[in-house]
Amino acid sequence: MANSAISAKSIQPLPNLSFFSSKYPKLFPSSSSSIFSSMIPSRCLSSPTITKPRVVTRASASDLSENIGELLGDVSIFTAAGEPVLFKDLWDQKEGMAVVALLRHFGCPCSWELASSLKGSKDKFEAAGVKLIAVGVGTPNKARILAERLPFPMEYLYADPDRKAYDVLGLYYGLGRTFFNPASAKVFSRFDAYREVFKTYTIKATPDDRSSVLQQGGTFVFRGKQLLYARKDEGTGDHAPLDDVFEVCCKLPVA
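Bear in mind that the values here come from a model prediction, so they are computed numbers and not experimental data.

### What about the overall build of the chain?
- On a plain count of helices and strands, the chain comes out with ten helices and seven strands.
- Per-residue burial for the chain yields a buried fraction of 52% across its 255 residues.
- Considering only contacts in the chain between residues 6 or more positions apart, those separated by 24 or more positions represent 77%.
- Looking at the chain as shown, the accessible area adds up to about 11,400 Å², and 53% of this sits on carbon and sulfur atoms.

### Considerations on helix 10 (residues 242-249)
- Every buried residue belonging to helix 10 is among Leu242, Val245, Phe246, Val248 and Cys249, and all of these are buried. Viewed end-on, helix 10 has its buried residues packed into an arc of 165°, placing them on one side of the element.
- In this structure, the buried residues of helix 10 make contact with strand 3 (97-105), helix 5 (109-127), strand 4 (130-137), strand 6 (218-223) and strand 7 (226-232).

### A word on the sheet that holds strand 4
- One open sheet accounts for seven strands, arranged 2-1-5-4-3-6-7; its pairing is mixed. Each end of this open sheet is capped by a strand with a single partner; those strands are strand 2 (84-86) and strand 7. The sheet shows a mean angle of 30° between the axes of neighbouring strands, direction not considered.
- Lying on the sheet, helix 5 is in contact with strand 3 and strand 4; it crosses strand 3 at an angle near 170°.
- The strands touched by helix 6 (residues 140-149) are strand 1 (76-79) and strand 5 (157-159); relative to strand 5, the strand with the most contacts, the crossing angle is about 150°.

### Thoughts on the environment of arginine 104
- You can see arginine 104 is positioned in strand 3.
- For arginine 104, a relative accessible area of 4% translates into the label buried.
- Of note is the side chain of arginine 104, whose polar atom sits 3.4 Å from the side chain of glutamine 216.

### Some remarks on the packing of aromatic side chains
- Following the criterion strictly, the structure yields four aromatic pairs and no others.
- Centroid distance phenylalanine 125 to phenylalanine 246: 5.1 Å. Interplanar angle 50°. Geometry classified as tilted. On the criterion of sequence distance, the pair formed by phenylalanine 125 in helix 5 and phenylalanine 246 in helix 10 is long-range, its members being 121 residues apart. Across the pair, phenylalanine 246 and phenylalanine 125 agree in class, each one buried.
- Following the ring pairs from residue to residue traces out a cluster consisting of Trp112, Phe198 and Tyr201.

### Description of the side chain of threonine 206
- Mapped onto the secondary structure, threonine 206 falls in the loop between helix 9 (191-197) and strand 6.
- Apart from residues no more than four positions distant in its own chain, threonine 206 is found in contact with His105, Gly107, Lys142 and Val213.

### A short note on the side chain of histidine 239
- Structurally, histidine 239 is set in the loop between strand 7 and helix 10.
- What makes histidine 239 buried here is its relative accessible area of 15%.

### Concerning unusual backbone geometry
- The omega angle of the peptide bond from leucine 150 to proline 151 is -10°, so this bond is cis rather than trans.
- Turning to its location among the elements, proline 151 is positioned in the loop between helix 6 and strand 5.
- In this structure, arginine 163 takes a positive phi of about 60° despite not being glycine.
- Here arginine 163 shows up in the loop between strand 5 and helix 7 (164-168).

### Some details on the pairing of strand 4
- When you tally the buried positions in strand 4, you get seven out of eight residues, the bulk of the element.
- One ladder, built from seven bridges, connects strand 3 with strand 4; its direction is parallel. In the sheet register, alanine 101 faces strand 4, and the bridge partner there is alanine 134.
- Handedness of the strand 3-helix 5-strand 4 crossover: right-handed.
- Note that the unit made of strand 4, helix 6 and strand 5 has a crossover that is right-handed.

### Considerations on the pattern of salt bridges
- Enumeration over the complete set of coordinates arrives at ten salt bridges.
- When the shortest N-O distance is used, the salt bridge between aspartate 238 and arginine 231 registers 3.0 Å.
- Given the relative accessible area of 1%, aspartate 238 is considered buried.
- Residues joined in a network through salt bridges with shared partners are Arg231, Asp233 and Asp238.

### Regarding the state of the cysteines
- The tally for this structure, following the rule as stated, stands at zero disulfides.
- As a non-bridged cysteine, cysteine 110 has cysteine 108 as the owner of its nearest cysteine sulfur, 4.1 Å distant.
- For cysteine 250, which is in no disulfide, the shortest distance to another cysteine sulfur is to cysteine 249 and amounts to 3.5 Å.

About the thresholds
- Residues numbered from 1 in each chain as written.
- Predicted model: local features only at pLDDT ≥ 70, side-chain atom pairs only at ≥ 80, totals over all residues.
- Heavy atoms only, no water.
- Helix = DSSP H or I, 4+ residues; strand = E, 2+ residues; numbered from the N terminus.
- Buried < 20%, exposed > 50% of the residue type's maximum accessible area, 1.4 Å probe, protein only.
- Contact = heavy atoms within 4.5 Å.
- Areas by Shrake-Rupley, 256 points an atom, 1.4 Å probe, with all protein chains shown as cover.
- Arc of directions from axis to C-beta.
- Pairing = 2+ DSSP bridges.
- Axes fitted to C-alpha atoms, helices over the stretch in contact; angles between N-to-C directions.
- Polar contact = N/O pair within 3.5 Å; in protein donor to acceptor, adjacent residues only side chain to side chain.
- Phe/Tyr/Trp six-rings, centres within 6.5 Å; stacked < 30°, edge-to-face > 60°.
- Right-handed = clockwise from strand over helix to strand, strands pointing away.
- Salt bridge = Lys/Arg side-chain N within 4 Å of Asp/Glu carboxyl O.
- Disulfide = S-S within 2.5 Å.

These figures capture arrangement, not role.
So, in structure tokens, the structure goes:
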């Protein structure tokens, strides 16, 4: 996987984050600017040169290896209860269908919004014989905060504090992908969903390792080890359309 560094020349001036709460007071509470500011490590805003050795530079999901199912299967993550588990143990590796949704970090409102959408679609996935797997960046105790407050069923929620799965899948990382990518503007098209999220949202679910907040997510559909669908989030809140995911996994016959 290629690595690179983010230089100061590639970073645009940080927008005034109070804009969000002043322009959309019903959507974002008065504390929203501090919530969004906390998503960006302070050193990313003050240091003249930012070096981050794990920046993912893959351009598209088509770059994924044909044996990505094998590679992902050996990645160890944690249940929300704190037990270690391998991806290959999460679903039948021969013919089982699984939707693997990688959220951003557990303290991101966009992750809460996506988790809420996934929870609302859980019955549809189950009726089609599809296993739902939601993974977030952070420790299990941060995952439990989301699970308890949103709420979200813990049996479908997993924690990847070291972002191992994100690296294997080549998901995007960096300051430019967090707020400065045009795809991030999609969050403003889901006002009602975010209003609901902020009723229970807490910034306390943010990882202690604040560099993790620059990680983007993605959505993948597997049949056994075979990858059927892959979409990387181009920016914050740029989630895969669930209709596309349903089209792939819920209309295929399950063995």
